[in-house]
Structure formats: C-alpha cells, structure tokens
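If you want the building blocks of each chain, they are given just below.
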Amino acid sequence: MSDAQTKQDQIDQGVMDTLRERDHSVLAKQVDSLACSHNDIIELLAHYLALSEQEDDELFDDWFDSLSKEQHTVLKVFEVYRGQYERQN
C-alpha cells in the first residue's frame, strides 16, 4: 500500500472515529488549515446547496468535478456535520 493511501486510510479512520464520538476536532483540523476565507466557504456551500436541489445532475457533476481538493474537503466536512445534526433531530 502506498504512503498516500495509508495516510488517506488514517484520515478516513479518524473521520469515522470522530463521527462515533461526535468530536469534530479531526474534521476541524482539516478545514481550519485551509487557505480560504469565510466568504469563500459560504459561497461554496450556497452554490452546493442550490445546485444539489436542482434536477440537472450533469450541471452539478460538472461543477463538482471542477472543484479543488480544498473545496472537496469543505464539502465532505459539511456533509458529515449535516448528517450528524440531522440524526440528532
């Protein structure tokens, strides 16, 4: 197994541990280290929610595929948080 794959597996395991414990520290570290502004994140999430509510899957897929690794990280963390909060209610 490559070092990159091992590191990704460790990150994924950390995310799963975080979900079980409802501790957001691992996820927060992933997002806190990103070089983006609050406005960048708000704009990304607004665009994500608006496109995901439309029925044009191709438009969403094209937009999603063009995102940077950092933007994918933000969306992954957002979905994890959202899933936790939806299960609480």
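Please refer to the structure placed before this passage.
Definitions and limits used
- Along each chain, numbering runs from 1 in the same order as the chain's sequence is written.
- Predicted model: local features are reported for residues with pLDDT of at least 70 only, side-chain atom pairs are reported and counted for 80 or more only, and whole-chain, interface and lining totals are derived from all residues.
- Values shown for side chains rest on all heavy atoms present in the structure; no hydrogens or waters enter the calculation.
- Numbering of helices and strands starts at the N terminus; helices are DSSP runs of H or I of at least 4 residues and strands are runs of E of at least 2.
- Burial classification: accessible surface area is computed with a 1.4 Å probe over protein chains only, and a residue below 20% of its type maximum counts as buried, one above 50% as exposed, and the rest as partly exposed.
- Contacts are assigned to residue pairs with any non-hydrogen atoms lying within 4.5 Å of each other.
- Per-residue and other accessible areas were derived by the Shrake-Rupley procedure at a 1.4 Å probe size, with only the shown protein chains allowed to occlude residues.
- Between rings of Phe, Tyr and Trp, where Trp is taken as its six-membered ring, a pair exists when centres lie within 6.5 Å; planes separated by under 30 degrees are stacked, by over 60 edge-to-face, and by other angles tilted.
- Under this scheme, a helix contributes an axis fitted over its contacting stretch, all axes are lines through C-alpha atoms, and angles between N-to-C directions fall in the 0 to 180 degree range.
- Angle categories are assigned with fixed cut-offs, so that under 35 degrees is roughly parallel, over 145 is roughly antiparallel, 65 to 115 is roughly perpendicular, and the rest are oblique.
- What makes a crossing left-handed is the near helix being turned counterclockwise from the far one by less than a right angle; a clockwise turn instead makes it right-handed.
- Each residue is assigned to one of three groups, with Ala, Val, Leu, Ile, Met, Phe, Trp, Tyr, Cys and Pro labelled nonpolar, Asp, Glu, Lys and Arg labelled charged, and all others, Gly among them, labelled polar.
- For a helix, the expected span equals 1.5 Å multiplied by the number of residues minus one.
- What the arc describes is the spread of directions from the helix axis to the C-beta atoms.
- As used here, the term nonpolar core means buried Ala, Val, Leu, Ile, Met, Phe, Trp, Tyr and Cys residues forming a set that is joined through side-chain atoms within 4.5 Å.

S.K.: Could you clarify how one ought to interpret the overall build of the chain in this entry?
M.R.: Assigned secondary structure in the chain consists of five helices and zero strands. Reading the secondary structure of the chain in the N-to-C direction produces α-α-α-α-α. The buried share of the chain, reckoned over its 89 residues, is 24%. Considering only intrachain contacts with a sequence separation of at least 6, the fraction spanning at least 24 residues in the chain is 59%. Surface summary for the chain: the accessible area is close to 6600 Å², and the carbon and sulfur share equals 51%.

S.K.: Is there a simple way to explain the packing of aromatic side chains in this structure?
M.R.: Scanning the model with the defined rule gives five aromatic pairs in all. Between the aromatic rings of tyrosine 48 and phenylalanine 78, the centroid separation amounts to 6.1 Å while the plane-to-plane angle is 90°, which identifies the pairing as edge-to-face. Pair noted here: tyrosine 48 is in helix H3 (residues 38–53) and phenylalanine 78 is in helix H5 (residues 69–88), with a separation of 30 residues, a long-range link. Taken together through their ring pairs, the aromatic side chains of Tyr48, Phe60, Trp63, Phe64 and Phe78 make up a single cluster.

S.K.: Honestly, the packing of H3 against helix H4 (residues 57–65) in this entry has me stumped. Any pointers?
M.R.: How two helices pack is summed up by the angle between their axes together with the distance between the axes. Packing of H3 against H4 brings their axes to within 9 Å, and their N-to-C directions diverge by 155°. By the angle between their directions, the pair H3 and H4 is classed as roughly antiparallel. Considering the relative orientation of H3 and H4, their crossing is left-handed. Along its contact with H3, which presents Leu44, His47, Tyr48, Leu51 and Ser52, the element H4 presents Leu59, Phe60 and Trp63. Across the contact of H3 with H4, the residue classes break down as six nonpolar, two polar and no charged.

S.K.: Quick question: what am I supposed to make of H3 here?
M.R.: Given 3.6 residues per helical turn, the α-helix brings residues three or four places apart onto the same face. With 16 residues, H3 should cover 22 Å at 1.5 Å per step; its first-to-last C-alpha distance of 23 Å lies within 8% of that length. Leu44, Leu45, Tyr48 and Leu51 are the residues of H3 that are buried. Seen along its axis, H3 keeps its buried residues to an arc of 140°; they face one direction. Along H3, the residues that are exposed and aim more than 90 degrees away from the buried face are His38, Asn39, Ile42, Glu43 and Glu53. Considering only its buried residues, H3 is in contact with H4 and H5.

S.K.: Looking at this model, I keep getting lost on the nonpolar core. Mind explaining?
M.R.: Where a protein is soluble and globular, its nonpolar side chains tend to be buried together. If you look at the biggest cluster of nonpolar residues, it comprises 10 residues: Leu34, Leu44, Leu45, Tyr48, Leu51, Phe60, Trp63, Leu67, Val74 and Leu75. By residue number, the principal contributor to this core is H3, which donates four residues. Non-local contacts of leucine 51, meaning those with residues more than four positions away in its chain, are made with Leu59, Phe60 and Trp63.

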